[in-house]
Amino acid sequence: MRFRAKIVDLACLNHFSRVINTIAKLAKTCALRLTVSKLYFILSDKVANGGVSMWCELCQGNFFDEFQMEGVAAEHNEIYLELVPENLSRALKTAQNAKAVKIKLTNKHCPCLRVAVELPSLSSSSRMVTHDIPVGVIPRRLWNDFREPSVPDFDVSIYLPVLKTMKSVLERMKNLSNSIVIEANSSGEMNLKIETDLVSVTTHFKDLGNPPWASEDGCQSSAQSRDLESMAEARIDIKKLLQLLAGQQVNPTKALCNIVSKRIVHFILLHEDVSLQYFIPALA
């Protein structure tokens, strides 16, 4: 099992740092899955137990100048590691204007991701700063726990309003309640509602647009057979939603959410070379 990678391009390095910062805001620990072409950061709290789950996918070719890996076996050419993303985020903070960053899987006293940052210096020699980030190696028998979550058969899919706007609305609402109702329909309308014994507040968004989903087998999904005006809704933990919006440093080109009535809200943030899915289960 071997892994080493190198980033030389500063724009790629800063972009990678932003992605890791976002992940660090969403997960205290997560799994890092390495394949030949992609990296995945996976948080799979069982949604059934009220936990959120996350699936973030990066194409390695868009970030790394060199990328070599050998998985646990020829027919299973993958590596699964457990790590604290905040540690990786901190290590990358020292690399703001680095000449190069090398990441390598090592095993001196325990398995570590070694992040070696080559900093520019005035003399001809360069300065190296090295961080060893402890990781756990996830055994093959547990890999199935980290499969891509299936997209539930949603009732409504809608593009999100500008995330900054949505965040400022939620910031004000969070002082009133711990939960929020998100409702949307297939006419591009979405409401954020808070209802308590004392107060009821609703923010309306219009003309958001609905993504053109076609299901793989060509049959209509339940979203397409619904009345366009009818609202699907789910009540979710406001803090979990704020965590997603506050952690956003990737500036997605598209952001959308799928609502499975009273069960789950599935957010998808897309950037050219990063996709982040985030699942928040509905509260009873």
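Nothing here was measured: the structure is a model prediction, and the numbers come from that model.

## Things to note about the overall build of the chain
Here's step 1: Summing up its helical and strand segments, the chain has 5 helices and 18 strands in all.
Here's step 2: Computed over the C-alpha atoms, the radius of gyration of the chain is 21 Å, within 12% of the 19 Å expected from 2.2 N^0.38 for a compact globule of 284 residues.
Here's step 3: In terms of overall dimensions, the chain has C-alpha extents of about 65 × 45 × 30 Å along its principal axes.
Here's step 4: Burial status across the chain gives 49% buried among its 284 residues.
Here's step 5: In the chain, the proportion of contacts linking residues at least 24 apart, taken out of those at least 6 apart, comes to 64%.
Here's step 6: Of the roughly 14300 Å² of accessible surface on the chain, 50% is carried by carbon and sulfur atoms.
Here's step 7: Side chains of the chain give 33 positive and 30 negative charges; the mean places of these two sets differ by 9 Å.

## Some thoughts on unusual backbone geometry
Here's step 1: For D207, which is not glycine, the phi dihedral falls at a positive 55°.
Here's step 2: Within the secondary structure, D207 sits in the loop between β14 (200-205) and α4 (222-225).

## Quick look at the nonpolar core
Here's step 1: Of all hydrophobic cores here, the largest spans 77 residues; its most connected members are F3, F16, L113, M190, L192, L241 and F267.
Here's step 2: Considering every element that reaches this core, the biggest residue donor is helix α1 (residues 10-26), with 7 residues.
Here's step 3: Here this core gathers at least three residues from each of two domains, domain 1 (2-145) and domain 2 (156-215 + 229-281).

## With respect to the pairing of strand β3 (residues 38-44)
Each regular strand shows side chains that alternate between the opposite faces of the sheet.
Here's step 1: Taking burial as the measure, the 7 residues of β3 include 5 buried ones, the bulk of the element.
Here's step 2: Strand direction decides the pairing type here: strand β2 (residues 30-34) and β3, joined by 4 bridges, are antiparallel. Paired with L32 across the bridge in β3 is F41.
Here's step 3: Linking two consecutive strands that pair antiparallel, namely β2 and β3, is a turn of 3 residues.
Here's step 4: Here β3 pairs with strand β4 (residues 53-59) via 7 bridges, running antiparallel. Within β4, the position partnered with S44 by the bridge is S53.

Criteria and cut-off values
Residues numbered from 1 in each chain as written. Predicted model: local features only at pLDDT ≥ 70, side-chain atom pairs only at ≥ 80, totals over all residues. Heavy atoms only, no water. Helix = DSSP H or I, 4+ residues; strand = E, 2+ residues; numbered from the N terminus. Rg over C-alpha atoms; globule rule 2.2 N^0.38 Å. Buried < 20%, exposed > 50% of the residue type's maximum accessible area, 1.4 Å probe, protein only. Contact = heavy atoms within 4.5 Å. Areas by Shrake-Rupley, 256 points an atom, 1.4 Å probe, with all protein chains shown as cover. Lys, Arg positive; Asp, Glu negative; His and termini not counted. Charge placed at Lys NZ, Arg CZ, Asp CG, Glu CD. Core = buried A, V, L, I, M, F, W, Y, C linked by side-chain atoms within 4.5 Å. Domains from an automatic or database assignment. Pairing = 2+ DSSP bridges.

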